[in-house]
Protein chains: 2
Amino acid sequence: MSFLDRVLECARFDPRSYLPFRVDGDTVGFVKPDTARRLCRYPDIFSVTSNEVGLTLPATDPDSRSRAFDAVVEDLRQAGLVNAWRDEPHAVVGNDGRSVLFTIERAAIPVFGFRGWGVHVNGIVRDGADTRMWVGRRSADKQTAPRQLDQLVAGGRVAGHTIGETVIKEADEEAGIPAEVARRAVPVGTITYCTENVDGLRRDLLYVFDLDLPPSFVPINSDGEIEEFYLWTISKIRNIVEETQQFKFNCALVVIDFLIRNGFISAEHPDYAMLCAGLQSDPTRLAGGVPPQ
Amino acid sequence: MSFLDRVLECARFDPRSYLPFRVDGDTVGFVKPDTARRLCRYPDIFSVTSNEVGLTLPATDPDSRSRAFDAVVEDLRQAGLVNAWRDEPHAVVGNDGRSVLFTIERAAIPVFGFRGWGVHVNGIVRDGADTRMWVGRRSADKQTAPRQLDQLVAGGRVAGHTIGETVIKEADEEAGIPAEVARRAVPVGTITYCTENVDGLRRDLLYVFDLDLPPSFVPINSDGEIEEFYLWTISKIRNIVEETQQFKFNCALVVIDFLIRNGFISAEHPDYAMLCAGLQSDPTRLAGGVPPQ
């Protein structure tokens, strides 16, 4: 285990194992051939060839498309292809990064390899030169990554909410942070990755925030997603990320990003430049929102 | 002009306009067809086909290769293909990111599209909530980007020097910063880009440092590369980068990176994710050192 191992866990994607999923001429997702074969059952909605899957539903308004996906996703769920049901609508966006093409249940995002969006908030307690950070342990009954370590606050963006609103909502639900405190969270950048795991293809854009908290603050979880919080030194957190897989795959990247931004990893570290580049490693970032050019 | 315009200035690369330059099976550079035709004059050193240029000098030790390049680069200089002579040897590294294949005069790096390395140090003066930053104006007689704005300290890594040594050397020469102060510079990440400009193909990896300085500090330039220093508010520097091209192309990226890391750009900025990804935009990063995987 090393920092680089954790970064490379988030870069497992072989485009030859996927078919591009195209909507209105944009590639917005990537599906496995198995999934593509299943989608052949809906000739009114999809066109499936050996090279790509296209959304060919005659009605092109977002509502009609969303309803069509609802039916398909329910079928995929019954077939066991969609798990970890969240009941949260997620917006799929065109390559202009702005126009919402349709919404889909969040659990189905990795099955189609659509772009996912999340916010991760580092909860930091500074006391002179001593910096500590809040870490949460995910509940044993979480559908993804049970009992793994997580940031103080993290969550997916629900369709229709801004990034700032998502921070405030998740800070309240996950850690009992009042809105007036959550609003002080400082945006410090993004992390992107594209990686295949048990859920399918995770192709996420994480918005990272740092939130300074007073030593007196104690987080309280109200949505049952975190079973315990710890206030640990950076040195301890650093060792856990470097030597173990206790942090959830993407939460480890958020810690590595924090360590880099704050000088806790030397520029002479043999993997330094690879770690930095690895925080923006998604080779598909042109597809499905926020193209780099 | 916008932040995104400045980022996109550093992402001008069409691989179809270049031939890969290969050494020992690794692609370590990219040359224009014009340059490739010139290299045909040295059949003992290079093999040139319509698909690639290879280094085929029989002697494969770094010293022999460096001497061969010295002769070629002198010829290219006389032909007007290499300008802005620095008299600084630069190491060209294999794709393992470590083994030095040979050294070459720094001015010739963009002609071959080899990976360049630099350090950029933000000189920061914090006074409560008020943050200011030192900015240098490059001398009128600089061969590249004369009179453009720059960080307090910036420079290329000379072969054989570590990143830390480069910071200390450049901090002394460019701003008169004593070594014991320069050693406090905090590594905060890297920036990579690949872009075509008047020099050729700039394919650089910048190591970024933040250096907190006391209000009493006054920089003194001793190598003649900076004609004037300014201590400006972040707000003023932000406006200059957003609205003008006064900063040298890559120095603008270092400012944007600082603004993002410190919450001076909102996560709701329409280009936010593109700006963040744009700081690691080199599509060729596998080639010539520090591969991401």
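Scroll up to find the structure.
Residues numbered from 1 in each chain as written. Chains lettered and ligands numbered in written order. Predicted model: local features only at pLDDT ≥ 70, side-chain atom pairs only at ≥ 80, totals over all residues. Heavy atoms only, no water.

1. What about the sheet that holds strand β3 (residues 46-48) of chain A?
Residue and element names in this part refer to chain A. Taken in spatial order, the four strands of this open sheet run β2-β1-β4-β3, and their pairing is mixed. In this open sheet, the two strands that pair with only one neighbour each are β2 (26-31) and β3. Taking the axes of each pair of neighbouring strands and ignoring which way they run, one obtains an average angle of 25 degrees across the sheet. In this sheet, strand β4 (residues 53-55) lies alongside β3 in antiparallel orientation, the contact comprising three bridges. Its bridge partner lying in β4, Val48 is registered against Val53. (Pairing = 2+ DSSP bridges. Helix = DSSP H or I, 4+ residues; strand = E, 2+ residues; numbered from the N terminus. Axes fitted to C-alpha atoms, helices over the stretch in contact; angles between N-to-C directions.)

2. Some remarks on the sheet that holds strand β2 (residues 26-31) of chain B
Residues and elements named next belong to chain B. Taken in spatial order, the four strands of this open sheet run β2-β1-β4-β3, and their pairing is mixed. Of all strands in the sheet, those with a lone pairing partner are β2 and β3 (46-48), marking the two edges. Across the sheet, the axes of successive neighbouring strands diverge by a mean angle of 25 degrees, strand direction being ignored.

3. Regarding the side chain of Thr144 of chain B
Residue and element names in this part refer to chain B. Checked against the element boundaries, Thr144 lands in the loop between β8 (130-138) and β9 (149-151). A relative accessible area of 11% means that Thr144 is categorised as buried. When near neighbours in sequence (up to four residues on either side) are disregarded, Thr144 contacts Ala84, Arg86, Arg138 and Asp199. (Buried < 20%, exposed > 50% of the residue type's maximum accessible area, 1.4 Å probe, protein only. Contact = heavy atoms within 4.5 Å.)

4. Structural notes on the packing of aromatic side chains
Aromatic ring pairs are defined here through the distance separating the ring centres and the angle between the ring planes. For the coordinates displayed, the defined rule picks out 34 aromatic pairs over all chains. Between the aromatic rings of Phe13 of chain A and Phe30 of chain A, the centroid separation amounts to 5.5 Å while the plane-to-plane angle is 70 degrees, which identifies the pairing as edge-to-face. On the criterion of sequence distance, the pair formed by Phe13 of chain A in the loop between α1 (3-9) and β1 (19-23) and Phe30 of chain A in strand β2 is long-range, its members being 17 residues apart. Look at Phe30 of chain A and you get buried, because its relative accessible area is 11%. With centroids separated by 5.6 Å and ring planes inclined at 80 degrees, the aromatic side chains of Phe21 of chain B and Phe112 of chain B adopt a geometry described as edge-to-face. Of the two residues, Phe21 of chain B sits in strand β1 (residues 19-23) while Phe112 of chain B sits in helix α4 (residues 109-112), which places them 91 residues apart along the sequence. This pair shows no difference in class: Phe21 of chain B is buried, exactly as Phe112 of chain B is. An aromatic cluster of at least three residues, connected via ring pairs, comprises Phe21, Phe46, Phe69, Phe102, Phe112 and Phe114 of chain A. (Phe/Tyr/Trp six-rings, centres within 6.5 Å; stacked < 30°, edge-to-face > 60°.)

5. Some words on empty space enclosed by the protein
Counting across every chain of the model gives three cavities of 30 Å³ or more. As a volume, the largest cavity reaches approximately 280 Å³. In terms of lining, the largest cavity is formed by 21 residues, of which the most central are Thr190 and Asp257 of chain A together with Thr190, Asp257 and Leu279 of chain B. At the level of secondary structure, the elements contributing two or more residues to the lining of the largest cavity comprise β11 (186-197) and α8 (249-261) of chain A together with β11 (186-197) and α8 (249-261) of chain B. (1 Å grid on protein atoms, 1.4 Å probe; cavity = no way out; pocket = protein on both sides within 12 Å on 5 of 7 lines; lining within 4 Å. Points joined across faces, edges and corners; volume = space filled by probe spheres on them.)

6. Considering the packing of helix α7 (residues 234-243) of chain B against α8 of chain B
Axes are the key here: two packed helices are described by the angle between their axes and the distance separating the axes. All names here are of chain B. With their axes 10 Å apart at the nearest point, α7 and α8 run at an angle of 130 degrees to one another. Between α7 and α8, the crossing angle belongs to the class labelled oblique. The interaxial crossing formed by α7 with α8 has left-handed handedness. Along the contact surface, α7 presents Ile234, Ile237, Arg238 and Val241, while α8 presents Ala252, Val255, Ile256, Phe258 and Leu259. (Parallel < 35°, antiparallel > 145°, perpendicular 65-115°, else oblique. Left-handed = near helix turned anticlockwise from the far one by under 90°.)

7. Quick notes on the environment of Ala252 of chain A
Residue and element names in this part refer to chain A. On the secondary structure map, Ala252 appears in helix α8. Assessed through its relative accessible area of 0%, Ala252 is described here as buried. Residues Ala252 and Leu57, 195 residues apart in the sequence, show an inter-C-alpha distance of 40 Å.

8. Here's the deal with the pattern of salt bridges
All names here are of chain B. Counting across every chain of the model gives 44 salt bridges over all chains. With a closest N to O distance of 2.8 Å, Lys142 and Glu225 form a salt bridge. Of this pair, Lys142 sits in the loop between β8 and β9 while Glu225 sits in the loop between β12 (200-212) and β13 (226-233), placing them 83 residues apart in sequence. (Salt bridge = Lys/Arg side-chain N within 4 Å of Asp/Glu carboxyl O.)

9. Focus on the pairing of strand β6 (residues 100-105) of chain A
In the case of a regular strand, side chains alternate between the two sheet surfaces. Residues and elements named next belong to chain A. In this sheet, β6 lies alongside strand β5 (residues 89-93) in antiparallel orientation, the contact comprising five bridges. Bridged to Ala91 within β6 is Thr103. Hairpin connection from β5 to β6: six residues lie between these consecutive antiparallel strands, with Gly97 at a positive phi of about 80 degrees.

10. Thoughts on the environment of Gly97 of chain A
Locating Gly97 of chain A in the fold gives a position in the loop between β5 and β6. Residues Gly97 of chain A and Phe21 of chain A, spaced 76 residues apart in sequence, show a C-alpha to C-alpha distance of 16 Å.

11. As for the pairing of β1 of chain B
Residue and element names in this part refer to chain B. Here β1 shows a buried face lined by Leu19, Phe21 and Val23 and an unburied face lined by Pro20 and Arg22. Both β1 and β2 contribute to a ladder of five bridges, which runs antiparallel. Looking at β2, one finds that Val23 is bridged to Asp26. Connecting the antiparallel pair β1 and β2 is a turn made up of two residues, with Asp24 showing a positive phi of about 50 degrees. Relative to strand β4 (residues 53-55), β1 runs parallel, the two sharing two bridges.

12. Here we look at unusual backbone geometry
The residue Ala145 of chain A is not glycine, and still its phi comes out positive at about 50 degrees. Even without glycine at this site, Ala84 of chain B takes up a positive phi of about 50 degrees. Looking at the secondary structure, you find Ala84 of chain B in the loop between α3 (62-78) and β5 (89-93). For Ala84 of chain B, a relative accessible area of 14% corresponds to the buried category.

So, to be careful, I would describe these as geometric facts and stop short of saying anything about function.
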